[in-house]
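Observations on the model geometry
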Amino acid sequence: MRHGLIRYERRDGEELEYGFSLENPRKDFQNPYDSLGIDLQQSFDIAGRLRFEPGEIGHLQFAAIFREIFYSHPTGPKYVSGFGFQVSGSINSSEKTRVKFQLVYGSAISRYITTLEGRGLDVYPRDDGIMDPLRSSGSYLSFEYFWRYNWSFSTIAGMVNLWYPRSQPGDSFRSSYYGSRM
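Conventions we followed
Residue positions are given per chain, counted from 1 along the sequence in the order it is written. Residues qualify for local features only when their pLDDT is at least 70, as the model is predicted, and side-chain atom pairs are given and counted only at 80 or more; totals for whole chains, interfaces and linings, by contrast, use all residues. Based on all heavy atoms of the structure, the side-chain values leave hydrogens and waters out of the count. Pairing of aromatic rings covers Phe, Tyr and Trp, the last counted by its six-membered ring, and requires centre-to-centre distances within 6.5 Å; plane angles under 30 degrees mean stacked, over 60 mean edge-to-face, and any other angle means tilted. Helix numbering and strand numbering both begin at the N terminus, where a helix is a DSSP run of H or I of at least 4 residues and a strand a DSSP run of E of at least 2. Only protein chains enter the accessibility calculation, which uses a 1.4 Å probe; a residue is then buried when its area is under 20% of its type maximum, exposed when over 50%, and partly exposed in between. In our convention, an over-ring charge means Lys NZ or Arg CZ found within 6 Å of a ring centre and within 35 degrees of that ring's normal. Whenever Lys or Arg places a side-chain nitrogen within 4 Å of a carboxyl oxygen from Asp or Glu, that contact is recorded as a salt bridge. The pairing criterion for strands is at least two bridges between them, as found by DSSP. Orientation is described by axes fitted as lines to C-alpha atoms, over the contacting stretch for helices, and by angles from 0 to 180 degrees between their N-to-C directions. In this analysis a 1.4 Å probe is tested at points of a 1 Å grid over the protein atoms alone, and where it fits but cannot get out there is a cavity; an open set with protein on both sides within 12 Å along at least five of seven lines is a pocket; lining residues have an atom within 4 Å of a point. Grid points are joined across faces, edges and corners, and a volume is the space filled by probe spheres set on the points. For this classification, the nonpolar set comprises Ala, Val, Leu, Ile, Met, Phe, Trp, Tyr, Cys and Pro, the charged set comprises Asp, Glu, Lys and Arg, and every other residue, Gly included, is treated as polar. Contacts were defined at the residue level, with two residues in contact if any of their heavy atoms lie within 4.5 Å.

Here we take up the packing of aromatic side chains. A complete count under the given rule lists 8 aromatic pairs for this structure. Both rings, one in Phe83 and one in Tyr105, keep their centres 6.3 Å apart while their planes meet at 50°; by these two values the pair is tilted. Remark: Tyr105 occurs in strand β6 (residues 97-107) and Phe83 occurs in strand β5 (residues 78-91); sequence separation between them is 22 residues. Since its relative accessible area comes to 28%, Phe83 is described here as partly exposed. Every member of this aromatic cluster is reached through a ring pair, and the members are Phe66, Phe83, Phe85, Tyr105 and Trp163. In this structure, Arg111 is placed above the aromatic ring of Tyr112, and the distance from its NZ or CZ to the ring centre is 4.8 Å. Directly above the ring of Phe173 sits Arg119, whose terminal nitrogen or CZ lies 4.7 Å from the centroid.

Pasting the structure below:
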């Protein structure tokens, strides 16, 4: 999903690219103490990335995000800190084949994981109404074979996992697996 951001990117030579951004700080959870349902966040999500492209081999990218989520509570305003790290890349194993991969791990970052976005999984409520961040991870691996420049075959496998405290119901969304070929 697209969202507002302020971004600075720079390419340093042929092999290195980096960027930083301040992103729209939207939460992804329902707060029972927020009677108006208004998402009033007080600080930007801060993201950064570093990408290496050593020639025709492929690329390797590292990214991170840090965020602070504001929410209402009867005892006063509260905050939950979140973070996320990502490693992704591609390997051109031959002229006709390419492997792509991505690994992501974080806390209170469900709005940045497509499978989780919109499900209200940034945090979970404790019995006292305090929100705790929910840890999540995801990964995918794909293989592409190019028959010709405009014809290719690809297959992909991916998964997403969540770690809840023991107090959550057994039927809570915990993981998702995906596979496809084209």
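From this point, the discussion proceeds with the structure in view.
The next point concerns the pattern of salt bridges. Enumeration according to the criterion identifies 13 salt bridges in this entry. Notably, a salt bridge pairs Glu17 with Arg11, separated by 2.7 Å at the nearest N-O pair. Overlapping salt bridges bring together Arg7, Glu9, Arg11, Glu17, Arg49, Arg51 and Glu53 as one network.

The next subject is the sheet that holds β5. With antiparallel pairing, the 9 strands of this open sheet are ordered in space as β1-β2-β3-β4-β5-β6-β9-β10-β11. Edge positions in the open sheet fall to β1 (5-12) and β11 (175-181), since each of these has one partner strand only. Ignoring which end each strand starts from, the neighbouring axes of this sheet average 10° apart. The pairing of β1 with strand β2 (residues 16-23) spans 8 bridges and is classified as antiparallel. Bridge pairing links Tyr8 to Phe20 in β2.

Turning our attention to the layout of surface pockets. One number sums up the size of the largest pocket: a volume of about 1,100 Å³. The wall of the largest pocket is formed by 40 residues, among which Gln86, Gln102, Tyr112, Ile113 and Thr114 lie closest to the centre. Of the residues contributing to the lining of the largest pocket, the split by class is 18 nonpolar, 14 polar and 8 charged.

Where strand β4 (residues 58-71) lies against β5, 14 bridges are found, and the strand directions are antiparallel. Residue pairing across strands places His59 opposite Ser90, the latter belonging to β5. As consecutive antiparallel partners, β4 and β5 are separated by 6 residues, and within that stretch Gly76 has a phi angle of approximately 130°, a positive value. Pairing between β5 and β6: 9 bridges, direction antiparallel. What sits directly across from Gly84, in β6, is Gly106. Hairpin remark: β5 followed by β6, antiparallel, with 5 residues in the connecting loop.

The residue Gln86 is located in strand β5 in this model. For Gln86, a relative accessible area of 19% corresponds to the buried category. Setting aside chain neighbours within four positions, we find Gln86 in contact with Gln61, Phe62, Ala63, Gln102, Leu103 and Val104.

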